[in-house]
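Below are the chains, spelled out letter by letter.
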Amino acid sequence: MKKSKKESLNMFFSAFLVLAYVVCSYFITELATSVTNENAYSGIMFALVFFFGLLTFYATRVGDGKQVIRFSPSVLCLIDLPALYALCAYYAVGLPLHETLVNSSVIMYLAVLALGYGIPYTLTSGFEMVSAEDVFYPERSEKRER
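Predicted model, so just to flag it, every value in this text is computed and none were measured. (Residues numbered from 1 in each chain as written. Predicted model: local features only at pLDDT ≥ 70, side-chain atom pairs only at ≥ 80, totals over all residues. Heavy atoms only, no water.)

## A closer look at the overall build of the protein
Working step 1: A count of helices and strands for the protein gives seven helices and two strands.
Working step 2: Ordering the α and β elements of the protein from the N terminus gives α-α-β-α-α-α-β-α-α.
Working step 3: Within the span of the protein, comprising 146 residues, buried residues form 24% of the whole.
Working step 4: Contacts spanning at least 24 positions in sequence make up 74% of the contacts within the protein whose residues lie at least 6 apart.
Working step 5: By element, 68% of the accessible surface of the protein is carried by carbon and sulfur atoms, the whole surface being about 10,000 Å². (Helix = DSSP H or I, 4+ residues; strand = E, 2+ residues; numbered from the N terminus. Buried < 20%, exposed > 50% of the residue type's maximum accessible area, 1.4 Å probe, protein only. Contact = heavy atoms within 4.5 Å. Areas by Shrake-Rupley, 256 points an atom, 1.4 Å probe, with all protein chains shown as cover.)

## Quick word on helix α5 (residues 105-123)
Working step 1: If you check α5, its first and last C-alpha atoms are 28 Å apart, about what 19 residues at 1.5 Å a residue would give, namely 27 Å.
Working step 2: Taken as a whole, α5 carries its principal kink of about 25° at Tyr117; the proline Pro120 stands between one and four residues after it. (Expected span 1.5 Å × (residues − 1). Bend = angle between axes of the 7 residues up to and from the residue.)

## Describing the nonpolar core
Working step 1: Of all hydrophobic cores here, the largest spans eleven residues; its members are Phe46, Val49, Ala83, Ala86, Ala89, Tyr90, Leu101, Met108, Ala111, Val112 and Leu115.
Working step 2: For this core, the secondary structure elements donating two or more residues are α2 (38-60), α3 (73-91) and α5.
Working step 3: Not counting chain neighbours up to four residues away, the residues in contact with Ala83 comprise Ala111, Ala114 and Leu115. (Core = buried A, V, L, I, M, F, W, Y, C linked by side-chain atoms within 4.5 Å.)

Everything listed here is a matter of geometry and, on its own, says nothing about what the molecule does.
Shown next as structure tokens:
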């Protein structure tokens with residue numbers, strides 16, 4: 001398969017996934033409104049938003065090249081840990097900011113979305129188009145292409 005055709009196919013599927021997610025999540029939220037337990041309802045909504053974060057990560061990381069696997073402590077400290085604390089403070093009554101988070105569902109949805117996007121972003125960063133070896137030794141990359 002040619003690179004341009006593969007790239008357009010990946011972009012189509014990532015856009016389709018996001019659109020399909022929005023349609024499916026609407027029906028899931030309609031079904032979740034029938035749940036009488038507030039913790040179960042918030043758990044369902046958090047799972048939906050977390051999955052949307054994962055889907056957004058996938059949709060923004062489609063590309064050619066080699067997948068770059070790495071650990072990013074800055075993403076862990078700036079995105080994952082605050083989002084995890086917000087989630088813990090929402091359910092744990094004794095933690096600071098519990099009352100504020102219970103009263104503001106928008107902040108919680110943003111925290112869960114950041115967690116869904118941040119966890120894979122802590123471990124991988126997308127695709128690498130040109131390796132450092134190809135820059136410093138172009139004759140090696142020409143031999144590999146043949």
